[in-house]
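Each chain, written out:
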Amino acid sequence: MKVGMLHSATMLPAFLLLFFMGTSIRLSETMSRDEKSKLRNQVLEMFDHAYQNYMDHAYPADELMPLTCRGRVRGLEPSRGDIDDALGKFSLTLIDTLDTLALLNKTVEFEAAVRRVVKDVRLDNDIVVSVFETNIRVLGGLLGGHSMAVMLKESGRMLWYQNELLHMAKDLGLRLLPAFNTSSGLPYPRVNLRYGVRGPETRTGTETDTCTACAGTIILEFAALSRFTGDPTFEAHARRALDFLWEKRQRNSNLVGTTINIHSGEWVRRDSGVGAGIDSYYEYLMKAYILLGDDQFLQRFNTHYASIMKYISQPPLLLDVHIHKPLLPARTWMDSLLAFFPGLQVLKGDIRPAIETHEMLYQVTKKHNFLPEAFTTDFRVHWAQHPLRPEFAESTYFLYKATRDPYYLEVGRTVLENLNRFARVPCGFAAMKDVRTGSHEDRMDSFFLAEMFKYLFLLFAEEEDLPFNVEDYIFTTEAHLLPLSLSTASNSQAPPVVNNMAGEELDDSNFEWTCPNTRLLFPDPAFPRNLREPIRSAVDKSCPRPTTHREPGMGRPPLRAQDFMANNPEHLELLRRMGVSLIHLKDGRVQLVQHATQAVSAVAAEDGMRFMQEMMELSSQQQKEQLPPRAVQIVSHPFFGRVVLTAGPAQFGLDLYKSSSGVRGFVTVAEPYNGCTELSNSEIVAGRIALLQRGQCMFAEKARHIQKAGAIGGIVIDDNEGSSSDTAPLFQMAGDGRNTDDVSLPLLFLFHKEGNILLEALKEYKEVEVLLSDKARDRGTDGAEEEDCSTEEKGHSSSTSSEPVDQSQVTTQEQTAEDAVVGQDSVQPAEGLGSYIPVDVGEEPAVDGDSGSQSMDSLMADWQEDLEAFKQMEKDEL
């Protein structure tokens, strides 16, 4: 997010509110120009590493897969669900990176990239894409590239350019327009680039809901397209969508929900915040005013902003609330997308809360190296992924521009160092699968090149390092550059005036026409530092200890949950009599489901209910004692520790969590591969880490065989082809029901995809050395441990993380009125609510952490509380 000064005679002089960059505030030691120059050059080198690997290994594919060094082509790789809707077989990363090349002074590369896009990219593909992602990444990328090409042509370069990118942008805009053919004007969330949204060949157009940001983050790109081409159609459609969202705000709270029905305008999700699902809606209201000069957009933004600061902002936190009951919190965690908000507050001129929230985000970053995808109000990991999002770097840049406090240069240095130390791999930069272990995901999203390197370069660049004056441009939510001169450009006809204020006059109190004077705002140069100190202390002190309380059981059925074995025929028969059935899952586990009506008697049904309750309590207790995920880090040439694979632990053998250095050694494949008999290649395995295939015997039996052969560790690789920690929850390997104290080596589990990465490395390089540890070791350090505050509780899994848990977790799925109702308060859950017991067939039960860190009782209670709150809000809705 970036805006510069608008030099327009048509705007009010008071438009100077936009930036107050003139006053410098020195709060910490000034960074020398030489040091800034080194960091700027480091940014350029990192960009080259990412961009060149995309061009060498992925182009013309949409994105780079940096672990396997190949392109991600939609339809050829396993589906990742909605995330793949950004891919349209249009060389997404190259288009998204165009204006980054120009900003980073890579004029030759920019010109070559423009020629490639014009020559190679097709936009008429028979493929369904996200309207939101295609607009901000592809349409925005083409318009940003066009802006840069025009700028270079005016300076005497690229004289051959004849608006080719603009013609492509208009072509794409026309392909997106069918999505807006709704009664409300809100766009469908998806569109077929060739066939639109109507007809069976489109494979879309049946959706009813979209997110607020998805419908409200169109205006900048569409208005720019209209003003570049003189065709008012695009801007009119984007304005109509914004008008409808404004009309549907909750009139008492002046907040909007997260998801809306595109036909009726009813709010589907009534939680409201500044993160995922809403974020860029607010951003585009402010920026639409800046780019288009329409006072109405500023009025709306300020109205929303006042409500955000009244209900959502709890400095330094930003917590979702219910739009009808804004004093009622909607959740107790925050997502990483809200990291853009301090930057928007800088643009607004509200510096104090921007400093506070940014400092909180920085302290969370320092604890976990990156911002987890979601974290709790006491700063523990809620969702452990980090897809290399740029929002924190964006806000860091804006705070530095506003305050000139060199503290923010040091923050930027931290971001750079963490990217290099933890995310850099031989073929680019890999997203973090789990910030706690340092494991990677095989993805490098296009926004990493489009945004991250822009903001980091601008943070460390001097004015003379920039090829043009960035103050003449506004940055879109994808950091694409649109010239502010568009504010005076004609779109052939004035946009229709829509009366959205329902009789309200423009409230001048919501217009802040002047900039705050930074000298008066910060009379004490230490003021920003004084704001940061208490926040730093609060985060540092947030490291709660695990609880030991355990709810008492509800009785002892004939079959004890702790004795249950999924491969014991007698146990299976007892379950059948109690109405408990097993559903076999594709990954080799089973799901336990109870249907009271299928029990042989009422007494047996009651026993079944007690068995399931006991399973829940057993799972709840064991979650408090569970082992976190482990890491397999490839440390030999050419990886040098840059590839980290998420691994499941074993309940037996050496506990890597208690080992300060882990176990390091070269890997070799055991013979036989399944490790179920004594090894025939003991002389090779001795002193090495043995690779084993899952199946045919117990995990503990495999461990004993490789230990007898002299191995120092073992890695079990899943035999279920296609399994991956990207799509399946991790689980820990159980013993064989006997004493396993004789097993002294560490044993870890890798899914098929991660195991294949290791096997392919062994095949290519022959000698591959790995480190088995509790988390990835920083390359170039002594491996010293820091205090672990990474999880919601030590050994306590979050509801969506892929952290493994012990034994089994339970789900009871009540499908009829007679089915068992679980929980001491007999709360009847909605259909399909609950978690499940995953157990490994043919091996000891092995389970995942997918069903969360709460007991079923607490889940039921939370669900019931939310349901009652929503029912009350329905009654109160105007």
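Predicted model only: the values in this text are computed from it and were never measured. (Residues numbered from 1 in each chain as written. Predicted model: local features only at pLDDT ≥ 70, side-chain atom pairs only at ≥ 80, totals over all residues. Heavy atoms only, no water.)

Chemist: Where do I start with unusual backbone geometry in this structure?
Modeler: A negative phi holds for most residues other than glycine; trans holds for most peptide bonds. The residue after Tyr59, namely Pro60, is reached through a cis peptide bond having omega 10°. Its place among the elements puts Pro60 in the loop between α1 (33–57) and β1 (63–65). In this structure, Pro638 follows His637 across a cis peptide bond, with omega equal to 5°. Within the element layout of this structure, Pro638 appears in the loop between β23 (630–634) and β24 (643–647). At Arg404, a position not held by glycine, the phi torsion is positive, near 55°. With respect to the helices, strands and loops of the structure, Arg404 is situated in the loop between α13 (391–403) and α14 (407–423). Non-glycine residue Phe640 carries a positive phi angle of around 50°. Following the sequence through the fold, Phe640 ends up in the loop between β23 and β24. Classification of Phe640 by relative accessible area gives partly exposed; the value is 43%. (Helix = DSSP H or I, 4+ residues; strand = E, 2+ residues; numbered from the N terminus. Buried < 20%, exposed > 50% of the residue type's maximum accessible area, 1.4 Å probe, protein only.)

Chemist: Whenever I open this one, the environment of Phe527 confuses me. Can you help?
Modeler: Structurally, the position occupied by Phe527 is in helix α17 (residues 527–540). In this structure the C-alpha to C-alpha distance between Phe527 and Arg352, which are 175 residues apart in sequence, comes to 9.5 Å.

Chemist: Would you take a moment to explain the side chain of Glu77 for this structure?
Modeler: By the secondary structure assignment, Glu77 is in the loop between β2 (70–72) and α2 (92–103). Residue Glu77 is classed as buried on the basis of its relative accessible area of 18%. Aside from chain neighbours lying at most four places away, what touches Glu77 is Met65, Arg70, Gly71 and Arg72. (Contact = heavy atoms within 4.5 Å.)

Chemist: Any chance you could explain the nonpolar core here in plain terms?
Modeler: If you look at soluble globular proteins, the nonpolar side chains tend to sit buried side by side. Grouped together as the largest cluster of nonpolar side chains are 170 residues, with contacts concentrated most on Phe110, Tyr282, Leu419 and Phe429. Looking at this core element by element, the count peaks at 11 residues for helix α4 (residues 131–154). Aside from chain neighbours lying at most four places away, what touches Phe110 is Leu98, Leu101, Ala102, Gly145, Met148, Ala149, Leu152 and Met158. With 25 residues, the next largest nonpolar core counts Ile634, Ile717, Leu750 and Leu758 among its residues. (Core = buried A, V, L, I, M, F, W, Y, C linked by side-chain atoms within 4.5 Å.)

Chemist: Explain the side chain of Glu451 here, please?
Modeler: Secondary-structure assignment places Glu451 in helix α15 (residues 446–460). Nearest to the buried, unbridged Glu451 among oppositely charged side chains is Arg137, at 7.1 Å. Among residues more than four places away in sequence, those in contact with Glu451 are Pro390, Glu394, Thr477, Glu478 and Ala479. (Lys, Arg positive; Asp, Glu negative; His and termini not counted. Salt bridge = Lys/Arg side-chain N within 4 Å of Asp/Glu carboxyl O.)

Chemist: Could you clarify how one ought to interpret the environment of Glu441 in this entry?
Modeler: In this fold, Glu441 is placed in strand β18 (residues 439–441). In this structure, the C-alpha to C-alpha distance between Glu441 and Ala431, residues 10 residues apart in sequence, is 5.2 Å.

Chemist: Even after reading the chapter, I still don't get the sheet that holds strand β13 (residues 374–376), so can you show me in this structure?
Modeler: Sheets are built from strands that pair by backbone hydrogen bonding, the pairs being arranged parallel or antiparallel. Taken in spatial order, the 3 strands make up an open sheet running β12-β13-β14, and their pairing is antiparallel. Lying at the two open borders of the sheet, with one neighbouring strand each, are β12 (333–335) and β14 (381–383). Put simply, the sheet's adjacent strands are angled 30° from each other on average, direction ignored. Where β12 and β13 come together, 3 bridges link them in antiparallel fashion. Along β13, the bridge assignment pairs Met334 with Phe375. (Pairing = 2+ DSSP bridges. Axes fitted to C-alpha atoms, helices over the stretch in contact; angles between N-to-C directions.)

Interpretation in functional terms is not warranted from these geometric data alone.
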